[in-house]
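Chain and residue survey
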Amino acid sequence: MKKEELEESESKYFKSWIKDTYMKVQDREKLSFFEHNLEVWRQLWRVCEISNVLVIVADIRNPIVHLPPSFCSYVMETLKKPLVIALTKVI
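Just so you know, these numbers come straight off a predicted model, no measurement behind them.

Within the protein chain, the regular secondary structure consists of 4 helices and 2 strands. For the protein chain, the N- to C-terminal ordering of α and β elements is α-α-β-α-α-β. Across its three principal directions, the C-alpha atoms of the protein chain cover 45 × 35 × 20 Å. Sorting the 91 residues of the protein chain into buried and exposed places 25% on the buried side. Across the protein chain, every contact between residues at least 6 apart in sequence was considered, and the portion connecting residues at least 24 apart equals 58%. Each charge sign in the protein chain was given a centre, from 14 positive and 13 negative side chains, and these centres are 3 Å apart.

Moving on, we come to a nonpolar patch on the surface. On the surface, Val-53, Val-55, Val-57 and Val-84 cluster together into a nonpolar patch covering about 340 Å² of accessible area. Residue position: Val-55 is located in strand β1 (residues 54-59).

What follows deals with the packing of helix α1 (residues 3-24) against helix α2 (residues 38-50). Where α1 meets α2, the closest approach of the two axes is 11 Å, and the angle between their N-to-C directions is 115°. As far as their axial angle goes, α2 and α1 are roughly perpendicular. Here α1 runs over α2; the crossing is right-handed. When α1 is examined against α2, the residues Leu-6, Glu-7, Glu-10, Ser-11, Tyr-13, Phe-14 and Trp-17 are found in contact with a partner set consisting of Leu-38, Trp-41, Arg-42, Trp-45 and Arg-46. Grouping the constituent residues of the contact of α1 with α2 by class yields 7 nonpolar, 1 polar and 4 charged.

On to the environment of Val-84. With respect to the element layout, Val-84 can be found in strand β2 (residues 83-88). In this structure Val-84 touches Val-53, Leu-54, Val-55 and Ile-56, once residues within four positions along its chain are discounted.

In this structure, Cys-48, Leu-54, Ile-56, Ala-58, Leu-67, Phe-71, Cys-72, Val-75, Leu-79 and Leu-83 together form the largest nonpolar core, which totals 10 residues. Contributing elements (two or more residues each) for this core: β1 and α4 (69-78). Ignoring sequence-local partners within four residues, the contact set of Leu-54 consists of Cys-48, Val-75, Lys-81, Pro-82, Leu-83 and Val-84.

Rules and cut-offs
Residues numbered from 1 in each chain as written. Predicted model: local features only at pLDDT ≥ 70, side-chain atom pairs only at ≥ 80, totals over all residues. Heavy atoms only, no water. Helix = DSSP H or I, 4+ residues; strand = E, 2+ residues; numbered from the N terminus. Buried < 20%, exposed > 50% of the residue type's maximum accessible area, 1.4 Å probe, protein only. Contact = heavy atoms within 4.5 Å. Lys, Arg positive; Asp, Glu negative; His and termini not counted. Charge placed at Lys NZ, Arg CZ, Asp CG, Glu CD. Patch = residues over 30% accessible without salt bridge, like charges linked within 9 Å, V, L, I, M, F, W, Y side chains within 5 Å. Areas by Shrake-Rupley, 256 points an atom, 1.4 Å probe, with all protein chains shown as cover. Salt bridge = Lys/Arg side-chain N within 4 Å of Asp/Glu carboxyl O. Axes fitted to C-alpha atoms, helices over the stretch in contact; angles between N-to-C directions. Parallel < 35°, antiparallel > 145°, perpendicular 65-115°, else oblique. Left-handed = near helix turned anticlockwise from the far one by under 90°. Nonpolar A, V, L, I, M, F, W, Y, C, P; charged D, E, K, R; others polar. Core = buried A, V, L, I, M, F, W, Y, C linked by side-chain atoms within 4.5 Å.

Set out below in structure tokens:
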């Protein structure tokens, strides 16, 4: 795929995803800046694609926020890559 085609495909996917997210979240102000930024997602996708193993560091006090099941599924089932989860707790 050419660079322009890839970027267009990613842009379409992102627009679809953000539209679905907006429909699910009543208060858009609760979403972080990063969730609205396509470049942040592109960087995440690239890192996931080139990595051999992915490590997620998640706060044990609120793992659903820091450890999204959809991302874990994407890494393990779609990309077929090993995933290591490191749980932490700040005192």
